[in-house]
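# Topology and contacts: notes
The chain contents come next:
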Amino acid sequence: MGQSTDWVPSLWMDTFAELLDDDDDSELDYGDQWSLNFNYSLTDKLSMNERKKGWKIYCYSGFANFQCASCSKVWHSAKVTLLFHYRLRSERGSVIMRPFGQACRSCNNNQFELPGFSQEEVERALLRLFAKIRKNCYGEEQDSDDCGPVDKKFTKPHEKSLCQACSQGICCQEDDDDDDD
Ligand SMILES: [Zn+2]
Ligand SMILES: [Zn+2]
């Protein structure tokens, strides 16, 4: 289960809708209409104008599977970058999302495959996003659950040369915040 290597936008759309449409327990229970769209050339920069219009950025790093289109090799990464732009404006909430790919280590052909996510991981990413939205669009207080990698001990070193987000300087870097006092 959860080993899909295909990028499935509808899984994101459906999960997004499910988490919000629950009448009793919507993740964004403020009566606004939220929508999710994809943009495969989104960057982590906002123009002055976009900022003025209320756009904000959230970057998630999570687990996904990949398959090489050339050699069919399958791999798993604990550090797959998802970039979100979001804003709330006159009762309409918009989320734009971009998944970042990884290249096959064997082929090393600069061909970035898009990630395949499990249902669980989709939910986890969206719940994080909704928590950010509640905080930044609705002013909710946040319990301090910071968004570090979940299980550091299981993560292999991140191969930056094969990571599309790294190649564009977007990859959520390890927050170097293990303060040794
Ligand atoms: Zn390959
Ligand atoms: Zn990276």
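Scroll up to find the structure.
Report follows, based on the coordinates.

The rules behind the values
- Residues numbered from 1 in each chain as written.
- Chains lettered and ligands numbered in written order.
- Predicted model: local features only at pLDDT ≥ 70, side-chain atom pairs only at ≥ 80, totals over all residues.
- Heavy atoms only, no water.
- Donors = N, O, S within 2.8 Å, 3.2 Å for Na, K, Ca; no water.
- Tetrahedral: all angles 85-135°; square planar, octahedral: opposite > 155°, others 65-115°.
- Pairing = 2+ DSSP bridges.
- Helix = DSSP H or I, 4+ residues; strand = E, 2+ residues; numbered from the N terminus.
- Axes fitted to C-alpha atoms, helices over the stretch in contact; angles between N-to-C directions.
- Contact = heavy atoms within 4.5 Å.
- Buried < 20%, exposed > 50% of the residue type's maximum accessible area, 1.4 Å probe, protein only.

### Structural notes on the coordination of the zinc ion (ligand 2)
Protein-derived ligands of the zinc ion (ligand 2) are H158 (NE2), C163 (SG), C166 (SG) and C171 (SG), with the metal-ligand distances lying across 2.0 to 2.3 Å. Considering all four donor atoms around the zinc ion (ligand 2), the spread of angles at the metal, 105 to 116°, places the coordination shape in the tetrahedral class. Look at where the donors of the zinc ion (ligand 2) fall in the sequence and you get H-x4-C-x2-C-x4-C.

### Considerations on the sheet that holds strand β3 (residues 74-89)
Strand order in the open sheet formed by four strands is β1-β4-β3-β2, with mixed pairing between adjacent strands. Each having just a single partner strand, β1 (33-38) and β2 (56-67) make up the two edges of the open sheet. Between one strand axis and the next, the sheet turns through 25° on average, direction left out of account. For β2 and β3, the ladder comprises eleven bridges, and the chain directions are antiparallel. Directly across from Y58, in β3, lies its bridge partner F84. Here helix α1 (residues 9-21) sits on the sheet in contact with β1, β3 and β4 (92-99), set at roughly 170° to β1. In the packing of helix α3 (residues 119-136) onto the sheet, the strands contacted are β1, β2, β3 and β4, and the crossing angle to β2 comes to about 175°.

### Brief notes about the coordination of the zinc ion (ligand 1)
Donor atoms from the polypeptide that coordinate the zinc ion (ligand 1) comprise C68 (SG), C71 (SG), C104 (SG) and C107 (SG), at 2.3 Å from the metal. Classification of the site at the zinc ion (ligand 1) as tetrahedral follows from its four donor atoms and the range of 107 to 115° in their angles at the metal. Counting gaps between the donor residues of the zinc ion (ligand 1) yields the pattern C-x2-C-x32-C-x2-C. Since its relative accessible area comes to 1%, C104 is described here as buried.

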